[in-house]
Amino acid sequence: MRWKETEYTGWGRALRARGRLARPERLSTLIELSAESPAPAIGMLRSYGDVALNSGGRAIDMTRLDRILGFDPESGIVEVEAGVNIGDLGLTFAARGWIPPVMPGTGFATIGGCIANDVHGKNHHVAGSFGQHVAEITLLQNGRRKTIGPERNAGLFRATVGGLGQTGVIASAKIRMMPCKGDMMVLTERRIDDWEGFLSALDGTRADYAVGWIDATARGGALGRGILEEGEITSGISPGRGRAREVPFDAPHWALSGPVVRAFNAAYFRRVPAAGRTSVKPITAPFFPLDRLHNWNRLYGRRGFHQFQCVVPLAGADSLRRMLERIADSGLASPLAVLKRMGEGRGGYLSFPMEGYTLAVDFPNRPAAVTLIGKLERMSADAGGRIYFAKDSLAGPERVAEMYPDHQRWLKEVRKADPEGALITDLVRRLGLREAR
Amino acid sequence: MKETWIILGASSSMARALARALAGRGAGLLLAGRDLEDLRRTAADCLARGASLAEAIRFDARRPETFAPLIARAEREDGMISAAVFVGSMPEQAAVDADPPLLEGVVQDSFTGPARLLQMLAPAMEARGGGTILGVGSVAGDRGRVGNYAYGAAKAGFHTYLSGLRSRLARSGVHVVTVKPGFVDTAMTWGLEGMFLVASPEKVAADMLRAAERRRNVIYTPFFWRWIMLIIRAIPEPLFKRLSI
């Protein structure tokens, strides 16, 4: 296998890595690689920070191992190679009445990445996290295949789900699909006027899919205003997919400056009529709102951006409000800000979800934003919450163990699985995740 | 109309992309190559994506005894039989220079093996009066370059063969397309120095199917390689032999 020396980045483009990548196209090549030069696996690089980067080292690009290996219509279990994109899987099966039970905000994430980050979707309060629907994983450890599942090698399974690729290379997995009525979604959008209103709307929603867009520039009495989206899957006639668009170059630094974002957010808020509205859309639109704008990360310019995402327990809602105040006062937020109520569901020792509220906000990569994100991280930990590794690019090692109480159990499995540390990535190094505390 | 495609060298990423596109329109697929474990995975993928038939079948360009069973399998299906040829091998020219017998393998993989199979398949296609052959050559076959002339010569032979086969089969309604890809983002080019304007396998597959539909004879993919190769072919030999392109 030839190695390609290249520079690559996470989706936020604020962190970069230079290293050598192999891109196997056959399982046999992957097994050989895993035996001869074990390295962390990476996918579509849709996580924001450095969870999929290995500066100065090697990594295995899994995107060419993207085949559907089998589907059993009795059980709804589909077996796929780790490089299959979740959106591709959704589109292939939705018209036949099956859908991945959990889909993250982008359809371009690979199944391997969905497992290794134990991603969640807009239905987390109903369906839990992605890892909870994984029936089996084929893991490669130094060229040896190991089959793991919730019952078989359960410890290793729980260290692999949400385990950031540290237990081995995920070659393929069996996912329990969910029956669905069709490939359309009935989407109801409602304006929410303030923070209290948002929490009670999220608490009271009975929809399968629910997510809030927040105007993170609104202050004072309008703090926490936004739009609640609630969706249910249905059948109908799809108007066709429409053409994807491309951001052809890096935008100038003022493209997402304070005044532009404030104006955009105000217009976006008023886009939905005061009385709300209901529409029927192809399933991809509400699931993957930004996927039709390819390379939208270029809107942040060459310096890139950071996404801050935390979850705090239900009782920590006030802390979250204070965090949003800080963000609004800073004037640094971008239009992309999301609030959602999560359920308890989580699949692994290092999984992000916990019952509570999660807030995600994008910030252009500037010194003031970096300082602010540091504060927000401390506030999350103080509130008994945690930050999301798939998004993080800035945190330090200090409070990881506190935020992730199962860290030691994860570490025990990982040390057995990869004693040499061949699978360590930049994020794992930065946060000292492989060191005992 | 029911269609069954023989795909030679079906483990390559270009072949996989073509197989996937054909699966999406419900075609039957005979995925032929040496790595059966890998081909079975591709077959499963094609079935999940809508193929009416997808089987992994052993084919080795250097073992002619594998040819007849493959053709017999295709003949068991009714409707039109088509074929797409992706086989070929490209050792580094320096390796061939150091070990001349390697040349025979290159020629067998890239030219005589697939040509012999098509020669055996042609009567069945003539008898059914339709179908398409998509033969993948290479821009490397348009002129012998110092860095790649063993592979280039084999592909040039294949181009000439396809040209003649096109004339023969046109008489019975079978269409032959010669496909000349430039740089494609495959395992063959991954990490090679000097790659530019690299196309995705999906783009090449889409171009190939469009060419089949429009009954084009010779295509370059992406299209601009036609102009690049026009220039390269126009360089006078006294000058060309001094260049290291």
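Please refer to the structure higher up on the page.
Small disclaimer: the values here were computed from a predicted structure and weren't measured.

Caption draft 1: Structural detail: the overall build of chain A. Looking only at helices and strands, one finds 13 helices and 21 strands in chain A. For 437 residues, the compact-globule estimate of 2.2 N^0.38 gives 22 Å, and chain A sits close to it at 21 Å. For chain A, the spread of C-alpha atoms along the three principal axes comes to 60 × 50 × 45 Å. Counting every position in chain A, which comprises 437 residues, the buried fraction comes to 61%. Partitioning the intrachain contacts of chain A with sequence separation of at least 6 by distance along the chain shows that 74% fall at a separation of at least 24. Summed over all atoms, the accessible surface of chain A reaches about 17,000 Å², with 50% contributed by carbon and sulfur. Mean positive and mean negative side-chain charge positions of chain A (59 and 47 charges, respectively) differ by 4 Å.

Caption draft 2: Main features of the sheet that holds strand S20 (residues 356–364) of chain A. Residues and elements named next belong to chain A. Taken together, eight strands build an open sheet; the order of strands is S16-S12-S14-S13-S19-S20-S18-S21 and the sheet is antiparallel. On the outer flanks of this sheet lie strand S16 (277–282) and strand S21 (386–387), each paired with one strand and no other. Bridge count between strand S18 (residues 305–313) and S20: nine bridges; the pairing is antiparallel. Opposite Pro313, over in S20, you have Gly356 as the bridge partner. With respect to the sheet, helix H10 (residues 367–382) is in contact with S18, S20 and S21, its orientation differing from that of S18 by roughly 15°.

Caption draft 3: Fine view of the environment of Arg191 of chain A. Residue and element names in this part refer to chain A. Mapped onto the secondary structure, Arg191 falls in strand S12 (residues 184–192). By relative accessible area, Arg191 is classed as partly exposed at 25%. For Arg191 and Glu229, which are 38 residues apart along the polypeptide, the C-alpha to C-alpha distance reads 9.1 Å. Within the structure, the side chain of Arg191 is placed 2.8 Å from the backbone oxygen of Val272, a separation counted as a polar contact.

Caption draft 4: Quick look at the pairing of strand S8 (residues 134–141) of chain A. All names here are of chain A. A large share of S8 lies buried, amounting to six of its eight residues. Looking at chain direction, S8 and strand S10 (residues 169–176) are connected through six bridges and run antiparallel. Looking across to S10, one finds that Leu139 is bridged to Ile170. Bridging between S8 and strand S9 (residues 144–148) involves five bridges; their strand directions are antiparallel. Bridge pairing links Gln141 to Arg144 in S9. Linking two consecutive strands that pair antiparallel, namely S8 and S9, is a turn of two residues; a positive phi of about 50° is found at Asn142 within it.

Caption draft 5: Layout of the sheet that holds strand S3 (residues 41–42) of chain A. Residues and elements named next belong to chain A. A sheet is described by the order of its strands in space; here four strands give the open sequence S1-S2-S4-S3, paired in mixed fashion. Bordering the open sheet on either side are strand S1 (4–9) and S3, each of which pairs with just one other strand. Across two bridges, S3 lies against strand S4 (residues 58–61) in parallel orientation. Across the sheet, residue Ile42 finds its bridge partner in S4, namely Asp61.

Caption draft 6: The arrangement of the interface of chain A and chain B in detail. Every contact between the two is made by 23 residues of chain A and, on the other side, 22 residues of chain B. Of the roughly 2,100 Å² buried where chain A meets chain B, counting both sides, 42% is carbon and sulfur surface. The largest contributions to the chain A side of the interface with chain B come from Arg2, Arg23 and Arg67 of chain A, which together make up 30% of the buried area. In this assembly, chain A and chain B are joined by eight salt bridges. Here Arg26 of chain A and Asp35 of chain B are joined by a salt bridge, their closest N and O atoms 3.3 Å apart. Our enumeration of links across chain A and chain B arrives at 17 residue pairs in polar contact (both at pLDDT 80 or more). Of all the secondary-structure elements, those providing two or more residues to the side of chain A that touches chain B are strand S2 (16–22), helix H1 (27–36), strand S5 (68–72) and helix H2 (86–94) of chain A. Per-class residue counts for the side of chain A that touches chain B are seven nonpolar, three polar and 13 charged.

Caption draft 7: Up close: the pattern of salt bridges. On inspection of all chains with the given rule, the structure shows 50 salt bridges over all chains. As a salt-bridge pair, Glu81 of chain A and Arg67 of chain A come within 2.9 Å of each other at their nearest N and O atoms. Highlighted residues: Glu81 of chain A in strand S6 (residues 77–81) and Arg67 of chain A in the loop between S4 and S5, separated in sequence by 14 residues. Residue Glu81 of chain A is classed as buried on the basis of its relative accessible area of 1%. Between Asp45 of chain B and Arg49 of chain B there is a salt bridge whose closest N-O contact spans 2.9 Å. For the pair Asp45 of chain B and Arg49 of chain B, one class covers both residues: buried.

Caption draft 8: Representation of the packing of aromatic side chains. All names here are of chain A. Taken as a whole, this structure holds 18 aromatic pairs over all chains when the rule is applied. Relative to Trp98, the ring of Phe71 lies with its centre 5.7 Å away and its plane at 70°, an arrangement referred to as edge-to-face. Remark: Trp98 occurs in strand S7 (residues 98–99) and Phe71 occurs in strand S5; sequence separation between them is 27 residues. In this structure Phe71 comes out as partly exposed when scored by relative accessible area, which is 24%. Arranged with centres 4.1 Å apart and planes meeting at 20°, the rings of Tyr300 and Phe305 form a pair that is stacked. Among the residues examined, Tyr300 registers a relative accessible area of 9% and is labelled buried. The exposure class assigned to Phe305 is buried, which follows from its relative accessible area of 1%. Ring-pair connections join several aromatic residues into one group, and the members of that group are Trp11, Tyr48, Trp296, Tyr300 and Phe305. For the cation-ring pair, Arg58 lies above Trp3, with the distance from its terminal atom to the ring centre recorded as 4.3 Å. Cation over ring: Arg225 sits above Phe269, and NZ or CZ is 4.6 Å from the ring centre.

Caption draft 9: A look at the nonpolar core. Formed by 111 residues in total, the largest nonpolar core has its most connected members in Phe130, Ile137 and Phe363 of chain A. Every residue in contact with Phe363 of chain A, bar those within four places of it in the chain, is listed here: Tyr300, Phe305, His306, Phe308, Ile327, Leu332, Ala333, Ala369, Leu372, Ile373 and Leu376 of chain A. If you look at the next biggest cluster of nonpolar residues, it comprises 33 residues, including Ala15, Leu18, Ala54 and Ala199 of chain B.

Caption draft 10: View of a nonpolar patch on the surface. Together, Phe223, Trp227 and Leu230 of chain B make up a nonpolar patch on the protein surface, roughly 370 Å² of accessible area in all. Position of Trp227 of chain B among the secondary structure elements: in helix H8 (residues 225–234).

Caption draft 11: Geometry of the packing of helix H3 (residues 67–75) of chain B against helix H5 (residues 102–128) of chain B. Residues and elements named next belong to chain B. Contact geometry for H3 and H5: axes closest at 10 Å, N-to-C directions at 25°. Classed by the angle they form, the pair H3 and H5 counts as roughly parallel. Of the two possible hands of crossing, H3 and H5 adopt the one that is right-handed. Note on element contacts: H5 touches H3 through Gly113, Arg116, Leu117, Met120, Leu121, Ala124 and Arg128, opposite Phe67, Ala68, Leu70, Ile71, Ala74 and Glu75. Each residue belonging to the contact of H3 with H5 can be placed in one class, and the counts come to nine nonpolar, one polar and three charged.

Basis of the calculations
Residues numbered from 1 in each chain as written. Chains lettered and ligands numbered in written order. Predicted model: local features only at pLDDT ≥ 70, side-chain atom pairs only at ≥ 80, totals over all residues. Heavy atoms only, no water. Helix = DSSP H or I, 4+ residues; strand = E, 2+ residues; numbered from the N terminus. Rg over C-alpha atoms; globule rule 2.2 N^0.38 Å. Buried < 20%, exposed > 50% of the residue type's maximum accessible area, 1.4 Å probe, protein only. Contact = heavy atoms within 4.5 Å. Areas by Shrake-Rupley, 256 points an atom, 1.4 Å probe, with all protein chains shown as cover. Lys, Arg positive; Asp, Glu negative; His and termini not counted. Charge placed at Lys NZ, Arg CZ, Asp CG, Glu CD. Pairing = 2+ DSSP bridges. Axes fitted to C-alpha atoms, helices over the stretch in contact; angles between N-to-C directions. Polar contact = N/O pair within 3.5 Å; in protein donor to acceptor, adjacent residues only side chain to side chain. Buried area = accessible area lost by both parts, 1.4 Å probe. Salt bridge = Lys/Arg side-chain N within 4 Å of Asp/Glu carboxyl O. Nonpolar A, V, L, I, M, F, W, Y, C, P; charged D, E, K, R; others polar. Phe/Tyr/Trp six-rings, centres within 6.5 Å; stacked < 30°, edge-to-face > 60°. Lys NZ or Arg CZ within 6 Å of the ring centre and 35° of its normal. Core = buried A, V, L, I, M, F, W, Y, C linked by side-chain atoms within 4.5 Å. Patch = residues over 30% accessible without salt bridge, like charges linked within 9 Å, V, L, I, M, F, W, Y side chains within 5 Å. Parallel < 35°, antiparallel > 145°, perpendicular 65-115°, else oblique. Left-handed = near helix turned anticlockwise from the far one by under 90°.

From the geometry alone we can't say anything about function, so treat these as descriptive.
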